[in-house]
Amino acid sequence: MKSAYKKVLSDKEKVVLIPFFKDYANVPAAYQQWLKDRSKAGILGGKRDEHLSLYLNAAGQPCKILFYCFGAEEEIKAKQIRSSLALAIKSLRQQPLPELALVLNNQFLKYSQEIGEALALSNYNTALFKTGQDRKEAEEKVIKKITIVSRDIDKVQKYNLEEGLKIGFAVNEIRDLINSPHNLVNEITFAKKAEEVCAKNKIRLKIFERRDLEKMKMGALLAVNGGSKHGAKLIVMEYLPLGRRQDPVVLVGKGVTFDTGGVNIKPTAGLAEMHMDMAGAAAVLGVFMLLRELEIQQNVIGIIPLTDNALDAGSQKPSDVITSYCGKTIEVGNTDAEGRLILADGISYALKNYKVSAIIDIATLTGACIVALGDQMAGLFGNNDQMKQRLKNAALETDEEVWEMPIHETHHKGLKGKFADLNNVDNSGMAGACTAAAFIEEFVDKTDWIHLDIAGPAMPKKPKDIDFQGATGFGVRLLTRFLQNIK
Ligand code: BES
Ligand code: ZN
Ligand code: ZN
C-alpha cells in the first residue's frame, strides 16, 4: 500500500472514508448539513461505530463516501481509534477497493501512529495460497493506495503515520509466516526469511546448523530435533547501534515449526494448527524488521532456536535424560513440553556469549495459559517488577494485552528430576503455565527476565477488529514499543 498526501478532497475520488466525532468537525462543509439532518431524523446516533454511506459526491458524481462515527472525542482512547478505523476499512474492503481517500483533521491526527497501524493491519490479504478467481477477487480488495486528505497534517504527524504503516506491514509479513504450514515454512525457509530480513536491514546474522550445535553440545535443542527431517538451527541476530556503550536486551523466540507433540503425540483436535508454534520466533523476526527502520536506539540481540517436534524413530522418548547447553541435566517427562527445552538452550547461549542486560522470551508455550487467561491475552511472567511494569505499559499503549501470572517456589519444586537435575514437566498436572515459566527461570538465573506465553493470542479462535482469522502477529508491536520506550 502506497501512501500519498493532499490538502483537499477532489471530485475524482471513488471511495472516501470520513471518520468523525459527535461534533462533526472532521466532516467537510459540503457534507456536514446532510449528515446532521440524518442525525436529526434519527437515522444516525452519535455512538462509536455507527456509520452511513453516500454514493454521490458533492459534485453529483458517483463516489462511495463512508461517514464513520468515533463517538465523543473526550471519551476516545487510542486503542479505540485503532479498532474503529480497522472496522471501517474492513467494511469498505467487502467490495473492490484499489484506492481510498481518508479525511483527517487534528482531532484524529493526534493518533497518527495508531491510524497508520490500523490502515496496514486491516489491509491484510488472507488469500495467501489461493489461485485463480479467488485470488483475483481477494487482491482487488487490498488497498493499493491510500491518500490522506488533510489541511492540518504536520511533519511529526506524517512521520508517526508512516511509522505506524511500517509497523503494520511488518506484522502482516509475520502473519503470513505464521499462517504458512510446515511444508512451506520450516527450518530451511524460515532461516532464508531471516537472511532476507537481516540483509535488508543490515543486521549481523549467524546461523548455527545441526553440526555446529552438536559441536557446541546444545543438547536440549538437539533432543527436540531428534525425529526431524531438517536439522535444527540456532539463529542469532545482532543489532548493536550503541556498540559497546550498552549491554543488549536479548529477545528469544520459540521456533517450533510444527509441534506433533512427539512420542507424547497430540490428539487430532487442534493438531493442524501446530504450524503456528513458531509464532514467538516470528514475533522476534518482526521486531528485527523494524529496529533499523524505526531507528531504535537500543542494543538488541535476537535468538531463535528452530526445529519441528516430529515423530520418528529418532524422536526423544519420555524418560530420556538430556544434557542442556549450560550443563544442567533434564529428564524428559513429556516430549510435548518441547518449547521450554529449546528456549532453555537459546537463553543459555545468550548468557554464555553476551553481557546481557535483560532477557525477554516469547513463546506459544502452554495450552494451560489459554485455560487460565483465554486467547485474547498473553501470560506475563518475570523476576523484576519494574521490567514487568514497563512491559505492561507497552501492552496498554499497543493494545496487545498481557496479564501477570505468578511463579512460586512450589512451581520450581515440582520440576525436580528423579535422577536428573530437572524434569521438563510437573507431574501434578496443575498450574501448567506457571511451571513452564518456572522451568525457563531455572536457566535465566538472576538476569532480569520476562516470559510471555502467547499460546492464546498468537492465533485466537475469534479475531478482533484489527485481526483476521489465523495469526495475529502478536508481540511484534508490543516488543517494539517496549524497546522504543527504554530511555
Ligand atoms: N505448543 C504447545 C502449546 C500450545 C497449545 C500452543 C495450544 C498453542 C496452542 C506446547 O508445546 C505444548 O504442547 N505444551 C503442553 C505442555 C504439557 C505437555 C506440560 C500443553 O500445553 O499441553
Ligand atoms: Zn508441545
Ligand atoms: Zn509447542
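Being a predicted model, the structure only gives us computed values, none of them experimental. (Residues numbered from 1 in each chain as written. Chains lettered and ligands numbered in written order. Predicted model: local features only at pLDDT ≥ 70, side-chain atom pairs only at ≥ 80, totals over all residues. Heavy atoms only, no water.)

1. So, the coordination of the zinc ion (ligand 2)
As a reminder of what qualifies: Here a donor is an N, O or S atom found within 2.8 Å of the metal, or within 3.2 Å if the metal is Na, K or Ca; sites may look incomplete because water is not among the atoms. Irregular is the default label, applied whenever a site is not tetrahedral (four donors, all angles between 85 and 135 degrees) and neither square planar nor octahedral (four or six donors, opposite donors over 155 degrees apart, all other angles between 65 and 115). The way it works is that DSSP assigns letters per residue, a run of H or I at least four long becomes a helix, a run of E at least two long becomes a strand, and they are numbered from the N terminus.
Only Asp259 (OD), Asp336 (O), Asp336 (OD) and Glu338 (OE) from the protein coordinate the zinc ion (ligand 2), and they sit 2.0 to 2.2 Å from it. Taken together, the 6 donor atoms coordinating the zinc ion (ligand 2) span angles of 72 to 169° at the metal, a pattern that classifies the geometry as irregular. Counting along the primary sequence, the residues that act as donors to the zinc ion (ligand 2) give the motif D-x76-D-x1-E. A spacing of 3.2 Å is found between the zinc ion (ligand 2) and the zinc ion (ligand 3), which share Asp259 as a donor. One end of the pair, Asp259, is in strand S10 (residues 255-259); the other, Glu338, is in the loop between strand S13 (329-331) and helix H11 (339-353), with 79 residues separating them in the sequence.

2. Brief notes about the domain arrangement of the protein
Formally: Each domain's limits were defined by an automated method or a database of domain assignments. Any two residues whose heavy atoms approach within 4.5 Å at even a single point are treated as in contact. Buried area: the sum, over both parts, of the accessible surface (1.4 Å probe) that disappears when the two are put together. What makes a salt bridge here is a side-chain nitrogen of Lys or Arg within 4 Å of a carboxyl oxygen of Asp or Glu, nothing more. Two N or O atoms form a polar contact when they lie within 3.5 Å of each other; inside protein one atom must be a possible hydrogen donor and the other a possible acceptor, and for residues adjacent in sequence the pair counts only when both atoms belong to side chains.
When cut into domains, the protein gives domain 1 (2-175) and domain 2 (185-485). If you average the C-alpha positions of domain 1 and of domain 2, the two centres end up 36 Å apart. Listed by partner, the interface residues are 21 residues for domain 1 and 24 residues for domain 2. Interface area, domain 1 with domain 2, both sides summed: about 2100 Å², of which 61% is carbon and sulfur. The largest per-residue losses of area from domain 1 upon contact with domain 2 belong to Arg82, Ile174 and Arg175, which jointly make up 28% of the total buried on that side. Counting across the interface, domain 1 meets domain 2 through 4 salt bridges. Of the charged contacts, one joins Lys166 and Glu293 as a salt bridge, the two residues approaching to 3.9 Å between their closest N and O atoms. Linking domain 1 with domain 2 are 10 residue pairs in polar contact (both at pLDDT 80 or more). Counting residues per element, the ones that place at least two in the side of domain 1 that touches domain 2 are helix H2 (78-92), helix H4 (112-121) and helix H6 (155-179). With 8 residues, the single largest contributor to the side of domain 1 that touches domain 2 is H6.

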